[in-house]
Amino acid sequence: MTGSAVVIGASGGIGGALADALEDEGAHEHVVRLARSSESEAHIDLEDETSIAAAAERFAGAPAPSLVLVATGILHDGKAGPEKAMRDLDADWLTHNFAVNTIGPALVAKHFLPLMPAKGRAVFAALSARVGSVSDNRLGGWYGYRASKAALNMMIRNLAIEQKRKNDRSIVVGLHPGTVDTALSQPFQRNVPSKQLFDAERAALQLLDVLDGLKPADSGHIFAWDGEEIAP
């Protein structure tokens, strides 16, 4: 067994499925589930750095996490959702997108990457999205979500470069899970072919398979659920 695995956003959906799959695999000494909705030691709020720091501090003296997965993100919230055109741009909604999709995962990296082993394989991954690819954007729209995921991809690249100086076998990547049948994608599933709509359990297994196949040279890149690298 290798260290512990930490799944952030594990209260349900794909995060919960990732934690379940990791426990079933039994490759880690512990699988730690953190989520905003949890209480006490399992609580973490990606919009509150104090909360993130406190969650990381609980690992002092414990087995170093060899795997950290950030399975969080926001696409819609109540009546607020992806913008169809620039007339829909709203400063508060844009700020919220960046807070959850970009800044939160970056701050998790700030506090959790220093805990990870300085030798041997160590993997940090955050859920990104294909629509965060600048070169692949042919439809426009979804301003806040696209931009915040593109910014996350740049954060991942920066983090990978810095982490390699600490551990040349470290892997820092973004993962695109595809369209998963969760609350996040629920309002946008109408035109998704049934073969491309994954349940959370299948999506989790697919992502873990991708991670298992990655090498240190892949660090800093973004990969889809089928192992395909997504262009910046």
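**Observations regarding the pairing of strand E2 (residues 30-34)**
Piece 1. With 5 bridges joining them, strand E1 (residues 4-8) and E2 adopt parallel strand pairing. The partner of Val7 across the bridge, within E2, is Arg33.

**Structural notes on the nonpolar core**
Piece 1. Ranked by size, the top nonpolar core spans 30 residues in total, and within it Ile14, Leu18, Leu22, Leu69, Val173, Leu175 and Leu211 carry the most contacts.
Piece 2. Contributing elements (two or more residues each) for this core: E1, helix H1 (13-25), strand E3 (65-70), strand E4 (122-127), strand E5 (170-176) and helix H5 (200-213).
Piece 3. With 7 residues, H5 is the largest single contributor of residues to this core.
Piece 4. When residues no more than four places from it in sequence are discounted, the contact partners of Leu22 are Ala5, Val7, Ala27, His28, Val31, Leu67, Leu69 and Leu208.
Piece 5. Among the nonpolar cores identified, the runner-up in size contains 28 residues, and Leu34, Leu46, Ala55 and Ala160 belong to it.

**Quick word on H1**
Piece 1. With 13 residues, H1 should reach 18 Å at 1.5 Å per residue; the first-to-last C-alpha distance of 19 Å fits that figure.
Piece 2. For H1, the set of buried residues is Ile14, Gly15, Gly16, Ala17, Leu18, Ala19, Ala21 and Leu22.
Piece 3. Elements in contact with the buried residues of H1: E1, E2, E3, E4, strand E6 (179-180) and H5.
Piece 4. Following H1 by one or two positions, Gly26 has its phi on the positive side, about 70 degrees.

**Side note on a negative patch on the surface**
Piece 1. A contiguous patch of negative charge, built from Asp24, Glu25, Asp209 and Asp212, is present on the exposed surface.
Piece 2. Those elements giving two or more residues to the negative patch turn out to be H1 and H5.
Piece 3. With respect to the helices and strands, Glu25 occurs in helix H1.
Piece 4. Overall, Glu25 belongs to the partly exposed group, its relative accessible area being 42%.

**Examining the pattern of salt bridges**
Piece 1. If you walk through the whole model with that rule in mind, you get 6 salt bridges.
Piece 2. Its salt-bridge partner being Glu49, residue Lys110 comes within 2.7 Å of it at the nearest N-O pair. Placement of the pair is Lys110 in helix H3 (residues 91-112) and Glu49 in helix H2 (residues 49-57), with a sequence separation of 61 residues.
Piece 3. Residue class for Glu49 comes out partly exposed when judged on its relative accessible area of 30%.

**Digging into the sheet that holds E4**
Piece 1. Strand order in the open sheet formed by 7 strands is E2-E1-E3-E4-E5-E8-E9, with mixed pairing between adjacent strands. One side of each edge strand has no neighbouring strand; the edge strands of this open sheet are E2 and strand E9 (229-230).
Piece 2. Here E4 runs beside E5; their pairing, made up of 6 bridges, is parallel. Paired with Ala125 across the strands is Val173, a residue of E5.
Piece 3. Along the sheet face, H1 touches E1, E2, E3 and E4 and points at about 170 degrees away from the line of E2.

Cut-off values and rules
Residues numbered from 1 in each chain as written. Predicted model: local features only at pLDDT ≥ 70, side-chain atom pairs only at ≥ 80, totals over all residues. Heavy atoms only, no water. Pairing = 2+ DSSP bridges. Helix = DSSP H or I, 4+ residues; strand = E, 2+ residues; numbered from the N terminus. Core = buried A, V, L, I, M, F, W, Y, C linked by side-chain atoms within 4.5 Å. Buried < 20%, exposed > 50% of the residue type's maximum accessible area, 1.4 Å probe, protein only. Contact = heavy atoms within 4.5 Å. Expected span 1.5 Å × (residues − 1). Patch = residues over 30% accessible without salt bridge, like charges linked within 9 Å, V, L, I, M, F, W, Y side chains within 5 Å. Areas by Shrake-Rupley, 256 points an atom, 1.4 Å probe, with all protein chains shown as cover. Salt bridge = Lys/Arg side-chain N within 4 Å of Asp/Glu carboxyl O. Lys, Arg positive; Asp, Glu negative; His and termini not counted. Charge placed at Lys NZ, Arg CZ, Asp CG, Glu CD. Axes fitted to C-alpha atoms, helices over the stretch in contact; angles between N-to-C directions.

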